[in-house]
Amino acid sequence: MRIGVLGTGMVGRALAGKLRELGHDLVVGSRVAGDDAQPFAEAAAHGELIVNATNGAYALDALAQAGAENLRGKILVDVTNPLDFSKGFPPSLFVSNTDSLGEQIQKELPDTKVVKSFNTINCEVMVDAARAGGESDLFVSGNDPEAKATVSRFAREQFGWKNVVDLGDITTSRGTEAYLLLWIRLYGALKTGDFNIKIVKK
Ligand SMILES: NC(=O)c1ccc[n+]([C@@H]2O[C@H](COP(=O)([O-])OP(=O)(O)OC[C@H]3O[C@@H](n4cnc5c(N)ncnc54)[C@H](OP(=O)(O)O)[C@@H]3O)[C@@H](O)[C@H]2O)c1
């Protein structure tokens, strides 16, 4: 599959590494072209599926560089979190409660099918569900049911995510983004990023 990964941080690198290993035709997007990356717009134009793995504070800027026309009609898997490190650690959220970064991105790109997912797990776990230690849950949020089904299938077939919970429309990103406040404290307490949520119900 032709995939554009927007982002050259640890998430972009983890996703690109795994997707290349799986044989996908990949272009990684960055502000500046380099050995391993092309401009955001080229990665967006290349992909049938696009992953937004840019810094949350600059995600809208990066997507503007990617270009709405290059993203039109496509699925954008948004893994970003609205973390604000301006006052140090632990970070707060720069958008929360009644809004989310997922919603802001969807508003900015009305012709793109934004699916918020993978933002609740460490990047090494994203691409290898078993790494969390047993079966656990992945969430999808978005306005387009088919796009969410496509992302769920992709997550299962490519990365081993058997349990995907469809939370509902893009406003449900508010919950998964706010979970980061707990994720960060769990990371501190458990001293590893190899963990995840498992939903139990009767
Ligand atoms: N780390 C994890 O395991 C994890 C897990 C779940 C979700 N997330 C989320 O995934 C996203 C990526 O995280 P990360 O740690 O891999 O990388 P990051 O350092 O948060 O972001 C790196 C990317 O953001 C771009 N960027 C930075 N400043 C920019 C600006 N002013 N304008 C446009 N683009 C800019 C960079 O562009 P250049 O390529 O040009 O440098 C780079 O591609 C974040 O939103 C994070 O919250 C991370």
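Residues numbered from 1 in each chain as written. Predicted model: local features only at pLDDT ≥ 70, side-chain atom pairs only at ≥ 80, totals over all residues. Heavy atoms only, no water.

Draft legend 1. Structural detail: the pairing of strand β4 (residues 49–52). Residue alternation in β4 divides its side chains into two sets, Leu49 and Val51 and Ile50 and Asn52, and both sets are buried. Relative to β4, strand β1 (residues 2–6) runs parallel, the two being bridged by 4 bridges. Bridging across to β4, Ile3 finds its partner in Leu49. As judged from the 4 bridges shared by β4 and strand β5 (residues 75–78), these two strands associate in the parallel manner. If you follow Ile50 over to β5, its bridge partner there is Leu76. (Buried < 20%, exposed > 50% of the residue type's maximum accessible area, 1.4 Å probe, protein only. Helix = DSSP H or I, 4+ residues; strand = E, 2+ residues; numbered from the N terminus. Pairing = 2+ DSSP bridges.)

Draft legend 2. Fine view of the site of the ligand. Near the ligand there are 23 residues, and of these Thr8, Val11, Ser30, Arg31 and Thr54 occur at the shortest range. Interatomic distance of 2.9 Å between a backbone N/O atom of Cys123 and an oxygen atom of the ligand. Of all elements in the fold, only α1 (10–21) and α6 (123–126) reach the threshold of two or more residues within the shell around the ligand. Per-class residue counts for the shell around the ligand are 11 nonpolar, 11 polar and 1 charged. (Near = heavy atom within 4 Å. Polar contact = N/O pair within 3.5 Å; in protein donor to acceptor, adjacent residues only side chain to side chain. Nonpolar A, V, L, I, M, F, W, Y, C, P; charged D, E, K, R; others polar.)

Draft legend 3. Representation of the sheet that holds strand β8 (residues 113–117) within the structure. As summarised here, the arrangement of the 8 strands in space is β3-β2-β1-β4-β5-β8-β9-β10, forming an open sheet in which the pairing is mixed. In this open sheet, the two edge strands, each paired with only one partner strand, are β3 (38–39) and β10 (163–168). Packed onto the sheet, helix α5 (residues 101–108) meets β4, β5 and β8 and runs at close to 165° relative to β8. (Contact = heavy atoms within 4.5 Å. Axes fitted to C-alpha atoms, helices over the stretch in contact; angles between N-to-C directions.)

Draft legend 4. Local environment of the side chain of Asn52. Examined against the element boundaries, Asn52 turns out to sit in strand β4. One polar contact links Asn52 to Asp78, side chain to side chain, over a distance of 3.0 Å. When residues no more than four places from it in sequence are discounted, the contact partners of Asn52 are Leu6, Ala59, Leu63, Leu76, Val77, Asp78, Val79, Thr80 and Ile105.

Draft legend 5. Geometry of empty space enclosed by the protein. For the coordinates displayed, the defined rule picks out 1 cavity of 30 Å³ or more. Considered as a void within the structure, the largest cavity measures approximately 100 Å³ in volume. Taken together, Ile3, Leu15, Leu19, Leu49, Val51, Val77, Val79, Phe118, Val151, Phe154 and Phe159 form the lining of the largest cavity. Looking at the lining of the largest cavity, the elements that each hand over two or more residues are α1, β4 and α7 (145–159). Per element, the largest residue contribution to the lining of the largest cavity is 3 residues, and it comes from α7. Residue composition of the lining of the largest cavity, by class: 11 nonpolar, no polar and no charged. (1 Å grid on protein atoms, 1.4 Å probe; cavity = no way out; pocket = protein on both sides within 12 Å on 5 of 7 lines; lining within 4 Å. Points joined across faces, edges and corners; volume = space filled by probe spheres on them.)

Draft legend 6. The arrangement of the layout of surface pockets in detail. In this structure, the largest pocket encloses a volume near 1000 Å³. Lining the largest pocket are 37 residues; nearest its centre among them are Val11, Thr54, Asn55, Gly56 and Leu83. Mapped onto the lining of the largest pocket, the elements with two or more residues apiece are α1, β2 (25–30), α3 (59–66), β6 (83–84), α6 and α9 (180–190). At 4 residues, the largest contribution of residues to the lining of the largest pocket is made by α9.

Draft legend 7. Seen up close, the nonpolar core. Ranked by internal contacts, the top residues of the largest apolar core, which has 32 residues, are Phe118 and Trp161. Taken together, the elements giving at least two residues each to this core come down to β1, α1, β2, β4, β5, α6, β9 (137–142) and α7. Take this core: its biggest share by element is 5 residues, from α7. Not counting residues up to four positions away in its chain, the partners in contact with Trp161 are Phe118, Ile121, Val125, Met126, Ala129, Ser136, Asp137, Leu138, Ala155, Arg156 and Asn196. Listed in part, the 18 residues of the second largest apolar core include Leu6, Val27, Leu63 and Leu76. (Core = buried A, V, L, I, M, F, W, Y, C linked by side-chain atoms within 4.5 Å.)

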